[in-house]
Amino acid sequence: MPPVQPRNRTSFAPTPSSSVKTPLNSDSFLNELTAMFERSAEKGSVWVTLKRSSMKSKVHKNKMNTAGEAIDYRCLIRATDGKKKISTTVGPKEHQRFQASYATILKAHMTSLKKRERKDKRKAADSEKKGEASKKMAASK
């Protein structure tokens, strides 16, 4: 068997599928998120993750910390339905407006959730309390 030749790493060109996409602006993200929820209404799921990010590398953050510069943190929001991935970043100034719009979208598309079944213990405890209260009312008359 011939020896394996090492790859030439200097001539690597990213393919279109491995290229890094730039984050959408917040309005476009919300529109795409709405479309994802509508596509997955009958069957499927949408995963949304939020995390704090400075959008800088660790080396750059460490340099800023030693220089005493303030780091501007943003909220990185990602969503996927298994087929398509989208992301956006939201700064502190636009966070309230984005959160209100995001909450409206979530409330509008949470209609296909199953209603939670209550435990029998809770129902039994409630009926016992009602029975005791009616006995006390009858005894006080």
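The preceding data block contains the structure.
Calculation criteria
- Residues numbered from 1 in each chain as written.
- Predicted model: local features only at pLDDT ≥ 70, side-chain atom pairs only at ≥ 80, totals over all residues.
- Heavy atoms only, no water.
- Core = buried A, V, L, I, M, F, W, Y, C linked by side-chain atoms within 4.5 Å.
- Buried < 20%, exposed > 50% of the residue type's maximum accessible area, 1.4 Å probe, protein only.
- Contact = heavy atoms within 4.5 Å.
- Helix = DSSP H or I, 4+ residues; strand = E, 2+ residues; numbered from the N terminus.
- Polar contact = N/O pair within 3.5 Å; in protein donor to acceptor, adjacent residues only side chain to side chain.
- 1 Å grid on protein atoms, 1.4 Å probe; cavity = no way out; pocket = protein on both sides within 12 Å on 5 of 7 lines; lining within 4 Å.
- Points joined across faces, edges and corners; volume = space filled by probe spheres on them.
- Nonpolar A, V, L, I, M, F, W, Y, C, P; charged D, E, K, R; others polar.

Colleague: Provide a residue-level description of the nonpolar core, including the pertinent values.
Modeller: Ranked by size, the top nonpolar core spans 15 residues in total, and within it Phe 29, Leu 33 and Phe 98 carry the most contacts. With sequence-adjacent residues up to four places away left out, Phe 29 is seen in contact with Leu 24, Ile 77, Ala 79, Ile 86, Ser 87, Thr 88 and Phe 98.

Colleague: Tell me what's going on with the side chain of Ser 40, and back it up with residues and numbers.
Modeller: With respect to the helices and strands, Ser 40 occurs in the loop between α1 (26-39) and β1 (47-53). Residue Ser 40 is classed as buried on the basis of its relative accessible area of 13%. Here the side chain of Ser 40 touches Met 36 through a polar contact of 3.0 Å, landing on its backbone oxygen. Discounting residues that sit within four places of it in the chain, Ser 40 has contacts with Ser 45 and Val 46.

Colleague: Give me the lowdown on the layout of surface pockets, citing residues and values where you can.
Modeller: Gaps left between atoms show up when a probe the size of a water molecule is rolled over them. A volume near 410 Å³ is recorded for the largest pocket. Lining the largest pocket we find 17 residues, and of these Lys 21, Arg 78, Lys 85, Ile 86 and Ser 87 sit closest to its centre. Counting only elements with at least two residues in the lining of the largest pocket, the list comes to β1, β2 (74-80) and β3 (85-90). Counted by class, the lining of the largest pocket contains 8 nonpolar, 4 polar and 5 charged residues.

Colleague: I'd like a rundown of the environment of Asp 81, residues and numbers included.
Modeller: Tracing the backbone through its elements, the reader meets Asp 81 in the loop between β2 and β3. Given a relative accessible area of 17%, Asp 81 falls into the buried group. Note: C-alpha distance between Asp 81 and Trp 47 (34 residues apart in sequence) is 6.3 Å. For Asp 81, the residues in contact, after removing those within four places along its chain, are Met 36, Arg 39, Ser 45, Val 46 and Trp 47. Here Arg 39 takes part through its side chain, which lies 3.5 Å from a polar atom of the side chain of Asp 81. At 3.0 Å, the side chain of Asp 81 and the backbone nitrogen of Lys 83 are in polar contact.

On their own, these measurements won't tell you what the molecule is for.
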